[in-house]
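# A structural walkthrough
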Amino acid sequence: MHLSHRWLVGLLALAVAAAACTGTDPSSDGDEVVADGMSGLDTALDTPTAEQPLQVGASATPEASESTGPTSVVVDAPDRTYEGDVTLGFTDVTDQAGVGLLHESPLDDKEDGRRFMGGAAAGDLDNDGWTDLFVLGGGNISDALYHNNGDGTFTDVASAAGVDEPHVGAGVTMADYDGDGWLDMYVTSHGPPEAREPGRHRLWHNNGDGTFTDRAAEADVAWTTSVSADGFGAAFSDYDLDGDLDLFVAGWRRGTDSNRLFRNEGDGTFVDVTEDVGIINENVRGFGPCWTDLDDDRDPDLLLVADFGTTQVYINDDGTFREVRDEMNIGLNDSQSMGTTVADMNNDGLLDWYVTAIHDDDDVGRGLGNMLFMRQADGTFLERSAELGVDDGGWGWGAVDVDLNHDGWLDLVETNGWSLPSYESEPSKVFLSREGQSFDEVAADVGLVHDVDGLSVVRFDMDNDGDQDIAITAANERFSLFRNDIDGAATNWLRVVLDTSGSDDLAPMGFGSRVTVSTGAEEQLRALDGCANYLSSNEPSLHFGLHDADIVDELTVAWADGSTTTLSNVPGNQTLVLTPEE
């Protein structure tokens, strides 16, 4: 069913059409925050064998043929020393990386979506081991497909790839929907710039040769409503555990009933099963779906973040869904919810839920701000955002969880903005975790300065150095890329990629899996599944900060079929590709 997919192995298909580009040198090197730390370890490239998964060290250059092009020399990046105190600092590399697409919408006002449409996604589209970017242009500007050159720069190959036709795009997500080993892209579109209309969503099938073909119509996912142009966030997941990826698309416009679940038939087509499986559609103003296993029964449950208090929480009961928001004590009845991320924020082995919304900066009753629902042992949730210091994100939109400083605790990056004086040009937020007990807002201190109205946040490793970099989209503003220049002794890490290409019963790239790593008395959990943070999707990998541990005592993958893979004494500071045990 699947072709083999290996990290840092394969032809640079997109590079055939791309000429390497070099950006200009930025004027600022970013600011830094100092913390305590210890000695770390760098790891070299291991040669894969039939018995051993591919292991790639942070500083290694991929093995490549003569046609593979650029090497891993990063433009203007400071050397990683793994020595001394930990310093966390970001550098705005938008210009030098060549990714400063200007988003420009032809829409007139906020009711048309001008202020809250325009996402991005990250993933290795050509299987060369370097994460690429797809960024929506808004309609007046074509979308950009940024091929990662492997040297800190990107080249826009959208025209050569066939994905540059102008349209009013809202959101984008990446996944391998047909299991052929190549990441595809689903884009929610409101039609051509001159005439918005329904039925124009795009399913960019990756042809594996650097080009894409829109198969939305033949796959039956071009339409989510016949009323008017709609469609915002989208996310893939294997909700029925049959080994292929299904698709949920959120719709926000009133009266369109365009929140839709499409079941993958395994033959390149999908079937709309929304009403059949119990999804409530009427009057739901959806922004973004997020799939996660809320009740630990392995099948993905659905969190549908929605505006005007219409957020839905669904438990998946063997392929049918029931709404449990009140039952689980998730108080979003009055929240204007927009963005979302699911992660274990306090390392207790339970997945928590962060939802962005409007903080009432003017004291006029606009809302309580962002909410952090911490899962309890009995399966219910306790809202603790104000207590932990992550509630005030302005007019919140996108958010991601990520361990920025590699201390073993997940941080939060959130972006925001709206056309009211109290919310315009409010800086994006970096909420740094203090061992899960509280969070400090440190964006300016660490040099992640983004003070235009943001929309989507995407995390990925742009330079294969082991830390996570941050990209932010903005409404009718430039796309921004911030390189993480963390250094210090206690900055060890592990990056895990799941390869299920040899298993017909498991979804591509391990969607629906959980990975746990143990170092000493510390244990961290990461889950991989589809989630539209806000109109966006992250690199499909699992990242762990290991602090001062350079060896993982035990790593366990809980696959979606109930099987497990366990490794002991795993060296840190490498990207590790894992396959299920046969």
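What this report covers is the structure whose coordinates are included nearby. (Residues numbered from 1 in each chain as written. Predicted model: local features only at pLDDT ≥ 70, side-chain atom pairs only at ≥ 80, totals over all residues. Heavy atoms only, no water.)

## Some thoughts on the overall build of the protein
The secondary structure content of the protein amounts to four helices and 38 strands. Here the protein, with 582 residues, has 63% of them falling under the buried criterion. Counting only contacts in the protein whose residues sit at least 6 apart along the sequence, the fraction spanning at least 24 positions is 61%. In the structure as shown, the protein presents an accessible area of about 19,700 Å², 45% of it carried by carbon and sulfur atoms. (Helix = DSSP H or I, 4+ residues; strand = E, 2+ residues; numbered from the N terminus. Buried < 20%, exposed > 50% of the residue type's maximum accessible area, 1.4 Å probe, protein only. Contact = heavy atoms within 4.5 Å. Areas by Shrake-Rupley, 256 points an atom, 1.4 Å probe, with all protein chains shown as cover.)

## As for the pattern of salt bridges
Following the criterion strictly, the structure yields 18 salt bridges and no others. Between Glu-165 and Arg-202 there is a salt bridge whose closest N-O contact spans 3.8 Å. Of this pair, Glu-165 sits in the loop between α2 (158–161) and β9 (169–175) while Arg-202 is found in strand β11 (residues 202–206), placing the two residues 37 residues apart along the sequence. Taking the shortest distance from any N to any O, the salt bridge between Arg-322 and Glu-327 comes out at 3.4 Å. By sharing partners, the salt bridges in this structure join Arg-260, Asp-272 and Glu-275 into a single network. (Salt bridge = Lys/Arg side-chain N within 4 Å of Asp/Glu carboxyl O.)

## So, the sheet that holds strand β27 (residues 429–433)
A sheet is described by the order of its strands in space; here four strands give the open sequence β25-β26-β27-β28, paired in antiparallel fashion. Single-partner strands in this sheet number two, and they are β25 (396–402) and β28 (439–441). Neighbour to neighbour, the strand axes of the sheet diverge by 20 degrees on average, direction disregarded. Relative to strand β26 (residues 411–416), β25 is paired through five bridges, and the arrangement is antiparallel. Its bridge partner being in β26, Gly-396 is matched across the sheet by Asn-416. (Pairing = 2+ DSSP bridges. Axes fitted to C-alpha atoms, helices over the stretch in contact; angles between N-to-C directions.)

## A short note on the sheet that holds strand β18 (residues 301–307)
Backbone-to-backbone hydrogen bonds join strands into a sheet, with any given pair of strands oriented parallel or antiparallel. Strand order in the open sheet formed by four strands is β17-β18-β19-β20, and the pairing between neighbours is antiparallel. Pairing within the sheet leaves two strands with one partner each, and these edge strands are β17 (285–292) and β20 (320–323). Strand after strand, the sheet turns through a mean of 25 degrees between neighbouring axes, direction not considered. One ladder, built from seven bridges, connects β17 with β18; its direction is antiparallel. Pairing of Arg-285 across the sheet is with Asp-307, part of β18.

## Considerations on the state of the cysteines
If you walk through the whole model with that rule in mind, you get one disulfide. Each sulfur in the disulfide pair Cys-290 and Cys-531 lies 2.1 Å from the other. Disulfide Cys-290-Cys-531: torsion about the S-S bond near -110 degrees, hence left-handed. With Cys-290 in strand β17 and Cys-531 in the loop between β34 (522–528) and β35 (542–547), this pair connects stretches of sequence that are 241 residues apart. Among the residues examined, Cys-531 registers a relative accessible area of 16% and is labelled buried. (Disulfide = S-S within 2.5 Å.)

## Section: the nonpolar core
If you look at the biggest cluster of nonpolar residues, it comprises 52 residues, and the most contacted ones within it are Phe-236, Leu-494 and Leu-555. No fewer than three residues from each of domain 1 (93–484) and domain 2 (492–578) sit in this core. (Core = buried A, V, L, I, M, F, W, Y, C linked by side-chain atoms within 4.5 Å. Domains from an automatic or database assignment.)

## Here we look at the environment of Gly-139
Locating Gly-139 in the fold gives a position in the loop between β6 (132–135) and β7 (144–148). Looking at Gly-139, the relative accessible area reads 4%, which means it is buried. Gly-139 sits 54 residues away from Pro-193 along the chain, and the two C-alpha atoms are 5.2 Å apart. Ignoring sequence-local partners within four residues, the contact set of Gly-139 consists of Glu-104, Pro-106, Pro-166, His-167, Val-168 and Pro-193.

## Some remarks on unusual backbone geometry
In this model, Phe-308 sits at a positive phi of 55 degrees, which is unusual for a non-glycine residue. One can find Phe-308 in the loop between β18 and β19 (312–317). A positive phi angle, close to 55 degrees, is found at Asp-363, a residue other than glycine. Inspection of the secondary structure puts Asp-363 in the loop between β22 (352–355) and β23 (371–375).

## A look at the pairing of β34
Sheet topology places strand β33 (residues 513–519) next to β34; seven bridges connect them, and they run antiparallel. The residue bridging Arg-514 from the neighbouring strand is Ala-527, located in β34. The turn linking β33 back onto β34 is made up of two residues, and Gly-520 within it adopts a positive phi angle of 65 degrees.

## Considering the packing of aromatic side chains
Under the counting rule described, the total for this entry stands at 20 aromatic pairs. Measuring from ring centre to ring centre gives 6.0 Å for Phe-116 and Trp-397, while their planes differ by 5 degrees; the resulting arrangement is stacked. Of this pair, Phe-116 sits in the loop between α1 (94–97) and β5 (120–123) while Trp-397 sits in strand β25, and the two are 281 residues apart along the sequence. The class for Phe-116 is buried, based on a relative accessible area of 4%. Feature note: the residues Phe-116, Phe-232, Trp-252, Phe-287, Trp-395, Trp-397, Trp-418, Tyr-423 and Tyr-534 constitute an aromatic cluster, connected by ring pairs. One Lys or Arg, Arg-115, reaches over the ring of Trp-418 and ends 5.9 Å from the middle of that ring. Here the guanidinium or amino end of Arg-285 rests over the ring plane of Trp-252, the centre of that ring lying 4.5 Å away. (Phe/Tyr/Trp six-rings, centres within 6.5 Å; stacked < 30°, edge-to-face > 60°. Lys NZ or Arg CZ within 6 Å of the ring centre and 35° of its normal.)

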